[in-house]
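What follows is the residue order along each chain.
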Amino acid sequence: MSAAPNRRLVAVVLLVPFVVALVLWAFAWPAARMAPRDLPVGVVGSGPAADQLQERLEARDGAFEIHRYDSGTAARTAIEHRTVYGAVAVTAQGPELLTASAASPVVAQLLHDAVAAQAPDGTAVPVTDVVAAPAADPRGSVLGSSILPLAIAGVATGAAVTLLGLRGGRAATALLGVAALVGMVAAALTDSWLGVLTGGWWSEAGAFGLTVLAIGATVAGLAALVGTAGVGLGSLVMVLVGNPFSGVTSAPELLPRPIGAIGQWLPPGAGGSLLRSVAFFDGNAAGLPLLALSLWAVLGLTAVLVGARRRARTAEPAAVPERQPALAG
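Residues numbered from 1 in each chain as written. Predicted model: local features only at pLDDT ≥ 70, side-chain atom pairs only at ≥ 80, totals over all residues. Heavy atoms only, no water.

Engineer: Would you take a moment to explain the environment of Gly158 for this structure?
Structural biologist: Within the element layout of this structure, Gly158 appears in helix α6 (residues 147–163). A relative accessible area of 0% means that Gly158 is categorised as buried. Discounting residues that sit within four places of it in the chain, Gly158 has contacts with Leu175, Gly216, Val219 and Ala220. (Helix = DSSP H or I, 4+ residues; strand = E, 2+ residues; numbered from the N terminus. Buried < 20%, exposed > 50% of the residue type's maximum accessible area, 1.4 Å probe, protein only. Contact = heavy atoms within 4.5 Å.)

Quick look at the structure:
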């Protein structure tokens, strides 16, 4: 009996549990270790009460990164610019909380619980939602659940371009065309129909489309350079790593270090941050995710073109030397 089938049997038995363990680690570990880590928060005021509040927040083992503001207006501006997730103002009546549920409903609730724990027993903490999540999606569920479909759409686009044999300019055109159409369809569904995004329509479509392009171009580019194995590698990075590391359902600062920072440089995390900025914050803090997505898209498209050119040179037939005419005897 040949040993090859036995080796394949052992490979399947060992490989499947390994893949399951890897998937569970990627998705479950960040969720199980969720806690604030240098979460940017503002403290409003300059008196001893504000100093004491800052000290109490800083005593929580690096949970918060404190920014001081002289007035509530300055704190509101910082929230709107996505410099901080919220701010606590110390008043004669007790602490008041400014939040932005559009930035992260999870963080807004976390800040409320943290401030309420510092307030005297029986004291209600007034909350002002400076940038509120839309009424159609108060928990941010739709935005959080939109990143995985975008990742799948990008991977499917890159795989289709590869399997259909599109190369060079045709492949790049297909990737750009699909990304543009997906962006418009996604914006039509989430903004025009469901009303869960409330920013500029074309900005939202651009964020959707650029995310798909960054993922699709990376997958197709890897395949152009290393063959069809590049599709599997790209899928692994974008779906298995990029999606759970994105922090889009909570916040990057709630994920274990350095997962949150890594996730923001991968297309799913950058796409979620860009979409949140253009949908709710007038494009504030969109620069870094826009840069990350653009880099992935440019590098992926460049790899597509380089791979096609290299394949064309390899396929060129070797020049056949001319036969010398026979000399007359």
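Engineer: For this particular structure, what's the right way to read helix α8 (residues 201–226)?
Structural biologist: Because each turn of an α-helix spans 3.6 residues, side chains separated by three or four positions in sequence point in the same direction. With 26 residues, α8 extends 38 Å between its outermost C-alpha atoms, agreeing within 8% with the 38 Å of an ideal straight helix rising 1.5 Å per residue. For α8, the tally of buried residues reaches 19 of 26 residues, placing the bulk of the element in the interior. At the exit of α8 stands Gly227, carrying a positive phi of roughly 95°. (Expected span 1.5 Å × (residues − 1).)

Engineer: Explanation requested: α6 in the structure shown.
Structural biologist: Here α6 spans 24 Å end to end across 17 residues, near enough to the 24 Å set by a 1.5 Å rise per residue. Every buried residue belonging to α6 is among Ile147, Leu150, Ala151, Gly154, Val155, Thr157, Gly158, Ala159 and Val161, and all of these are buried. Looking one or two places after α6, you find Gly165, whose phi comes out positive at around 75°.

Engineer: Explanation requested: the nonpolar core in the structure shown.
Structural biologist: What tends to happen in soluble globular proteins is that the nonpolar side chains get buried as a cluster. In this structure, Phe64, Leu111, Leu175, Leu197 and Phe280 are the most contacted members of the largest nonpolar core, which totals 69 residues. Sequence-distant contacts of Leu175, that is, excluding residues within four places in its chain, are made with Thr157, Gly158, Val161, Leu213, Gly216, Ala217, Ala220, Leu301 and Val304. Residues Ala151, Ala159, Ala223 and Val231 belong to the second largest nonpolar core, which totals eight residues. (Core = buried A, V, L, I, M, F, W, Y, C linked by side-chain atoms within 4.5 Å.)

Engineer: Sorry if this is basic, but what is going on with the layout of surface pockets here?
Structural biologist: To find leftover empty space, a probe the size of one water molecule is rolled over the atoms. Of the volumes computed, that of the largest pocket is approximately 710 Å³. Pro40, Tyr85, Pro252, Glu253 and Gln264 are the residues nearest the centre of the largest pocket, which is lined by 37 residues in total. Elements supplying a minimum of two residues to the lining of the largest pocket: α10 (259–264), α11 (267–280) and α12 (287–315). Considering each element in turn, the lining of the largest pocket owes the most residues, five residues, to α11. (1 Å grid on protein atoms, 1.4 Å probe; cavity = no way out; pocket = protein on both sides within 12 Å on 5 of 7 lines; lining within 4 Å. Points joined across faces, edges and corners; volume = space filled by probe spheres on them.)

Honestly, it's all geometry; don't read function into it.
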